[in-house]
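Spelled out from the first residue to the last, the chains are:
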Amino acid sequence: MKTQVAIIGGGPSGLLLGQLLHRRGIDTVVLERKTKAHVLSRIRAGVLERGLAALMREAGVAERMDREAIRHDGALIAYGEDSFRLDFTQRAGHSVLVYGQTEITRDLYDAREAAGAPLEFEVEDVEIHGADTDAPSVRYSVNGQPRQIDCDFVAGCDGFHGVSRKTIPDHLRREYEKVYPFGWLGILSETPPVHDELIYASTDRGFALCSMRNPNLSRYYIQCSLYDNPEDWTDKAFWEELKLRLPRRFADSLVTGPSIEKSIAPLRSFVTEPMRWGRLFLCGDAAHIVPPTGAKGLNTAASDVHYLYHGLRDFYENNSTEGIDRYSEKALRRVWKAERFSWWFSALMHRFPGQNMFDTKMQIAELDFLRSNAAAQSAMAENYVGLPY
Ligand code: APR
Ligand code: PHB
């Protein structure tokens, strides 16, 4: 088989890139290791920056997003019984959309299938060959049958555990990592959200987040130990702990119910450099991970897709390699800013094992400063709604 761009990974990065290129008449094949049902069962954050919303529109897949997403103009930052509203539109001139990543992925699968563009599930043993030549290829197997795609470029959109990053030789790759000493226990419940905006709460018992998917579907998280198992947490224990971490007025009005999903996610900051090797380009989680505080994962993947899409268009439409030559540098500049914001917001809001009273006082002083300082709020809001591409 031959194509112009072989895309490894059928998560949001690979699908969005594929759809954008398809609209410009650039051929792609998407290879996904898992089944579609498996990809669509993964629950991830649900806050979209305007850059991602604009890309969805440009890809022609925004109809449901524009109908169902909830616009959020602010979020509540709580610490103990104190709180303040971070007004995104007032402080940064933009809002965000609340719309689950799973829905983004579903809309992209529907569009790809409607367009009849090639998409293979349950591919195994994917290998990238000749990335440092002018004629790369991807070898893989389906049901034990070997296959090969010859292509101009390979987009490595296969997430943190994919093969693309590891294809770049060790001596050409630098990795930067920070692992946090706690996790997030998250639940989904068919209950009305406790508030009409998100609540990020910091307390002596640890962090909590109240988020939502729609008016009858709530997503809540609490900071937990890395040694906890989701099965050890009954729904009752979760709700009790969440209430203890929210200002009283929210704890009192919280509607609880059975969880329909419960899982623990570790927190990690990770970046690999460069994001290109010859004709292989890394995109999204394949190149970087952020802790979920601030919901930058999907949005940072989207900015990579933006730079790569424009680079590839420049190549095919204007015969210029400028965009792809500068891809890694441009993408990384924005990646590191999202890494900084997620790291800062995580450090501000969580209680770290072994932290002393001085550390806690510093967190509270910073939150007090944020509460009373317009410039500090603007800096935070600009990062939250998303830095420009
Ligand atoms: N071959 C083919 N597909 C693969 C391979 C492989 N060797 N390895 C992994 N994959 C697939 C995974 O099964 C997954 O569906 O690549 C896909 C990568 O998707 P994501 O992990 O969702 O990464 P990405 O598309 O970059 O999306 C970034 O997802 O993890 C969140 O926080 C992250 O929200 C961000 C977004
Ligand atoms: C979510 O809705 O799952 C979510 C929202 C905001 C975050 C992280 C996760 O910062």
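Everything numeric here is computed off the predicted structure, so don't read it as measured data.

Chemist: Residues and numbers for the site of ligand 2, please.
Modeler: The environment of ligand 2 is made up of 15 residues, and the closest members are Tyr200, Ser211, Arg213, Tyr221 and Pro292. Note that an oxygen atom of ligand 2 is positioned 2.6 Å from one of the side-chain N or O atoms of Ser211. In this structure, Tyr221 approaches ligand 2 through a side-chain N or O atom, which is 2.5 Å from an oxygen atom. Within the complex, 100% of the 280 Å² of free accessible area of ligand 2 lies under protein. With three residues, strand β15 (residues 206-214) is the largest single contributor of residues to the shell around ligand 2. Class assignment of the residues belonging to the shell around ligand 2 gives a composition of nine nonpolar, four polar and two charged. Inspection of the shell around ligand 2 shows a minimum of three residues originating in each of domain 1 (5-70 + 99-177 + 268-345) and domain 2 (180-267 + 352-385).

Chemist: Outline empty space enclosed by the protein, supporting the account with residue identities and numerical values.
Modeler: Inspection of every chain in the model, using the stated rule, returns four cavities of 30 Å³ or more. As a volume, the largest cavity reaches approximately 60 Å³. Every residue lining the largest cavity is listed: Glu49, Lys296, Arg334, Lys337, Ala338, Phe341, Asn383, Gly386 and Leu387. Among the elements that make up the lining of the largest cavity, the one with the highest residue count is helix α12 (residues 327-349) (four residues).

Chemist: So, the nonpolar core: which residues are in play, and what are the values?
Modeler: Counting 66 residues, the largest nonpolar core has Leu16, Leu17, Met56 and Met65 as the members making the most contacts within it. For this core, the element with the highest residue contribution is helix α10 (residues 297-318), accounting for seven residues. Leaving out residues up to four positions away in the same chain, Leu16 has contacts with Leu52, Leu55, Met56, Ala59, Leu108 and Val305. Counting residues in hydrophobic clusters, the runner-up holds 33 residues, among them Trp184, Phe207, Leu348 and Tyr384.

Analysis parameters
- Residues numbered from 1 in each chain as written.
- Chains lettered and ligands numbered in written order.
- Predicted model: local features only at pLDDT ≥ 70, side-chain atom pairs only at ≥ 80, totals over all residues.
- Heavy atoms only, no water.
- Near = heavy atom within 4 Å.
- Polar contact = N/O pair within 3.5 Å; in protein donor to acceptor, adjacent residues only side chain to side chain.
- Areas by Shrake-Rupley, 256 points an atom, 1.4 Å probe, with all protein chains shown as cover.
- Helix = DSSP H or I, 4+ residues; strand = E, 2+ residues; numbered from the N terminus.
- Nonpolar A, V, L, I, M, F, W, Y, C, P; charged D, E, K, R; others polar.
- Domains from an automatic or database assignment.
- 1 Å grid on protein atoms, 1.4 Å probe; cavity = no way out; pocket = protein on both sides within 12 Å on 5 of 7 lines; lining within 4 Å.
- Points joined across faces, edges and corners; volume = space filled by probe spheres on them.
- Core = buried A, V, L, I, M, F, W, Y, C linked by side-chain atoms within 4.5 Å.
- Buried < 20%, exposed > 50% of the residue type's maximum accessible area, 1.4 Å probe, protein only.
- Contact = heavy atoms within 4.5 Å.

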